[in-house]
Amino acid sequence: MPVPDEITSNDIPRPEDRSDARMPRWLPRAMVLALALVACYQLATWGFHQLITLLLNVLIAFFLALAVEPAVDWMAARGMRRGLATAVVFLGFLVTAAGFFALLGSMLAGQIATMVEEFPQYLDSVISWINSTFHTHLSRVEVQNNLLKSDWLQKYVQDSANNVLAVSATVLGSLFNLLTVALFSFYFAADGPRLRRALCSVLPPHRQTEVLRAWEIAVAKTGGYLYSRGLMALISGGAHYVLLEMLGVPYAPALGIWVGLVSQFIPTIGTYLAGALPILIAFTVNPWYALWVFGFVVIYQQFENYLLQPRITAKTVDIHPAVAFGSVIAGTALMGAVGALIAIPATATLQAFLGAYVKRYEVTDDLRVHGRTRRMRGARVLARVRRTLRDEQPTAPLTERAAGADQGDDQDVR
């Protein structure tokens with residue numbers, strides 16, 4: 001029988017050789033750490049999406065508190081307690097808003113009742129114009145029956161009835177958000193100095209100076225923005241009031257206030273909402289009056305965009321019109337109507353804060369920088385120098401002078 005080979009120590013696997021086939025000790029911990037980081041990221045993303053509405057409300061409340069802080073500081077400097085001064089300012093805003101909406105509501109109710117009563121007459125006049133213009137034979141009864149029996153009207157009524165609950169929930173949610181903004185803005189304005197002190201207490205002294213400077217700049221720019229908007233609202237409301245009063249449109253003062261406030265303080269769609277109501281009410285008086293109001297709204301909007309707004313904004317907010325327009329577009333894309341509302345004061349604050357730290361240098365003389373006047377002056381000086389050099393040349397025959405001029409031109413080109 002064959003004798004098996006002798007087993008040597010080299011054939012026995014060593015412990016260090018078996019360790020190469022095992023899982024590294026750091027790999028399980030790395031996998032657990034990676035899973036924990038992914039879970040934390042998912043949790044943070046979920047929490048941010050759940051709190052996005054609250055964060056936007058706090059941001060709006062902060063800018064609102066910055067806007068009312070100068071008035072609160074003025075009252076507090078005269079001996080009134082800061083909380084009471086804040087309550088007085090907010091109560092004034094509340095009373096003004098309630099009076100405006102009450103006046104507007106009564107105006108709308110009266111106009112809607114008038115339109116409902118006179119709707120058959122309007123419909124008869126429209127049908128008569130259509131029959132005389134297009135040689136048709138329509139009647140009001142036939143048109144009313146077709147409208148009442150139309151599928152789209154029945155579907156619209158059914159959808160509106162089904163969406164009553166959703167509309168009610170939206171209204172209640174808007175009221176809750178409004179109360180949240182009012183509560184946070186009240187505390188921000190009433191406890192402004194205490195809030196700044198608490199924020200600066202966790203920062204070193206040189207950082208405290210920067211934070212206080214940024215806060216003061218934000219207060220000034222936000223107040224300037226609201227001042228400019230209020231001034232433009234006053235001008236717009238007065239101009240539209242004069243037009244509506246000349247045309248004999250009812251409720252001209254309320255409509256002027258409506259146009260001024262809505263067009264200036266509701267971003268993006270404020271202009272269209274502001275002009276629609278006066279046009280509608282003017283139409284109830286005379287259809288041609290509605291056309292006049294529409295034309296005036298369009299012309300005044302162009303005047304405001306290109307002449308009035310750049311001048312007032314430059315004096316109060318100190319921001320270029322192109323930068324303001326771009327900031328509004330960016331704010332709308334990021335946060336919707338809220339971003340459009342706070343985009344200009346936020347941009348003005350950032351621009352002023354960075355301007356305190358960005359060092360500027362004097363620009364060297366350049367004809368392209370100083371404009372056409374400087375270019376014309378430089379051209380005249382250069383022409384005078386060339387005439388002087390030409391007069392100082394010695395007299396020579398015509399051919400030699402021409403050759404010398406050619407050589408001089410070549411040297412200038414080189």
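Residues numbered from 1 in each chain as written. Predicted model: local features only at pLDDT ≥ 70, side-chain atom pairs only at ≥ 80, totals over all residues. Heavy atoms only, no water.

- In the annotation of an unreviewed UniProt entry, the chain is listed under the name AI-2E family transporter and assigned to Streptomyces inhibens.
- We quote the UniProt Subcellular location (unreviewed entry) comment for the chain here in full: "Cell membrane". (UniProt positions renumbered as here; feature names shortened; annotations may be inferred.)

### A look at the overall build of the chain
Link 1 in the chain: A count of helices and strands for the chain gives 15 helices and zero strands.
Link 2 in the chain: The proportion of buried residues among the 414 residues of the chain is 23%.
Link 3 in the chain: Considering only contacts in the chain between residues 6 or more positions apart, those separated by 24 or more positions represent 63%. (Helix = DSSP H or I, 4+ residues; strand = E, 2+ residues; numbered from the N terminus. Buried < 20%, exposed > 50% of the residue type's maximum accessible area, 1.4 Å probe, protein only. Contact = heavy atoms within 4.5 Å.)

### What to know about the packing of aromatic side chains
Link 1 in the chain: On inspection of all chains with the given rule, the structure shows nine aromatic pairs.
Link 2 in the chain: Between the aromatic rings of phenylalanine 186 and tyrosine 187, the centroid separation amounts to 5.8 Å while the plane-to-plane angle is 75°, which identifies the pairing as edge-to-face.
Link 3 in the chain: Given a relative accessible area of 26%, phenylalanine 186 falls into the partly exposed group.
Link 4 in the chain: Ring plane angle 50° and centroid distance 5.9 Å describe the contact between tyrosine 300 and phenylalanine 303, whose orientation is recorded as tilted. Residue tyrosine 300 and its partner phenylalanine 303 are both found in helix 11 (residues 287-316); the two are separated by three residues, about one turn of the helix.
Link 5 in the chain: The class of tyrosine 300 is buried, set by a relative accessible area of 8%.
Link 6 in the chain: Overall, phenylalanine 303 belongs to the partly exposed group, its relative accessible area being 38%.
Link 7 in the chain: An aromatic cluster is present here, built from Phe62, Phe63, Phe184, Phe188 and Trp215 joined pairwise through their rings. (Phe/Tyr/Trp six-rings, centres within 6.5 Å; stacked < 30°, edge-to-face > 60°.)

### What about the confidence of the model for the chain?
Link 1 in the chain: Averaged over all residues, the pLDDT of the chain equals 76, while 76% of them reach at least 70.
Link 2 in the chain: When the elements of the chain are averaged for pLDDT, helix 15 (residues 398-413) gives the smallest value, 43, and helix 2 (residues 26-76) the largest, 89.
Link 3 in the chain: Overall, residues 394-414 carries pLDDT values under 50, and its contacts beyond four positions in sequence, including any with other chains, amount to one contact. (pLDDT = per-residue confidence, 0-100.)

### Some remarks on the packing of helix 8 (residues 205-247) against helix 9 (residues 252-265)
Link 1 in the chain: Running from N to C, helix 8 and helix 9 cross one another at 145°; their axes reach a closest spacing of 7 Å. The hand of the helix 8/helix 9 crossing is right-handed. Along its contact with helix 8, which presents Leu226, Arg229, Gly230, Met232, Ala233, Ser236, Gly237, His240, Tyr241, Leu244 and Glu245, the element helix 9 presents Ala252, Pro253, Leu255, Gly256, Val259, Gly260, Leu261, Ser263, Gln264 and Phe265.
Link 2 in the chain: Of the residues in the contact of helix 8 with helix 9, the class split is eleven nonpolar, eight polar and two charged. (Axes fitted to C-alpha atoms, helices over the stretch in contact; angles between N-to-C directions. Left-handed = near helix turned anticlockwise from the far one by under 90°. Nonpolar A, V, L, I, M, F, W, Y, C, P; charged D, E, K, R; others polar.)

### Section: the side chain of arginine 229
Link 1 in the chain: Summarising the element assignment, arginine 229 is placed in helix 8.
Link 2 in the chain: Of the buried charged residues, arginine 229 lacks a salt bridge, with glutamate 304 as the closest side chain of opposite charge at 5.4 Å.
Link 3 in the chain: Within the structure, arginine 229 has its side chain in polar contact with the side chain of glutamine 264 (distance 3.0 Å). (Lys, Arg positive; Asp, Glu negative; His and termini not counted. Salt bridge = Lys/Arg side-chain N within 4 Å of Asp/Glu carboxyl O. Polar contact = N/O pair within 3.5 Å; in protein donor to acceptor, adjacent residues only side chain to side chain.)

### Quick word on the packing of helix 7 (residues 192-200) against helix 8
Link 1 in the chain: With their axes 10 Å apart at the nearest point, helix 7 and helix 8 run at an angle of 150° to one another. Our classification of the angle between helix 7 and helix 8 gives roughly antiparallel. For the pair helix 7 and helix 8, the crossing hand works out as right-handed. Where helix 7 approaches helix 8, its residues Leu195, Arg196, Leu199 and Cys200 are matched on the opposing element by Gln208, Val211, Leu212 and Trp215.
Link 2 in the chain: For the contact of helix 7 with helix 8, the residue count by class is six nonpolar, one polar and one charged. (Parallel < 35°, antiparallel > 145°, perpendicular 65-115°, else oblique.)

### As for the environment of leucine 179
Link 1 in the chain: As for its position among the elements, leucine 179 is in helix 6 (residues 164-190).
Link 2 in the chain: With a relative accessible area of 61%, leucine 179 lands in the exposed category.
Link 3 in the chain: Taking the C-alpha atoms as reference, leucine 179 lies 9.7 Å from asparagine 57; in sequence the two are 122 residues apart.

### Things to note about unusual backbone geometry
Link 1 in the chain: Phi at tyrosine 251 takes a positive value of approximately 60°, unusual for a residue other than glycine.
Link 2 in the chain: Tracing the backbone through its elements, the reader meets tyrosine 251 in the loop between helix 8 and helix 9.

### Examining the nonpolar core
Link 1 in the chain: Within the largest apolar cluster, 20 residues are counted, with the highest numbers of intra-cluster contacts made by Met107, Val249, Leu255, Trp258, Leu277 and Val293.
Link 2 in the chain: Elements that contribute at least two residues to this core include exactly helix 3 (82-134), helix 8, helix 9, helix 10 (270-285) and helix 11.
Link 3 in the chain: Broken down by element, this core gets its largest block of residues, six residues, from helix 9.
Link 4 in the chain: Not counting the four nearest positions on each side in its chain, valine 249 is found in contact with Leu244, Leu255, Ile281 and Ala282.
Link 5 in the chain: Among the nonpolar cores identified, the runner-up in size contains ten residues, and Val89, Phe90, Phe188 and Ala189 belong to it. (Core = buried A, V, L, I, M, F, W, Y, C linked by side-chain atoms within 4.5 Å.)

### Looking at the side chain of serine 236
Link 1 in the chain: By the secondary structure assignment, serine 236 is in helix 8.
Link 2 in the chain: For serine 236, a relative accessible area of 1% translates into the label buried.
Link 3 in the chain: Once you skip the residues sitting within four places of it in the chain, serine 236 turns out to touch Val259, Gly260, Ser263, Gln264, Tyr300 and Glu304.

### Structural notes on the UniProt feature "transmembrane region" (unreviewed entry) in the chain
Link 1 in the chain: Residues annotated in UniProt with the feature "transmembrane region" (unreviewed entry) correspond here to residues 50-72, 84-109, 164-189, 280-303 and 323-344.
Link 2 in the chain: Secondary structure over residues 50-72 splits into 100% helix and 0% strand, and the C-alpha atoms at its two ends are 33 Å apart.

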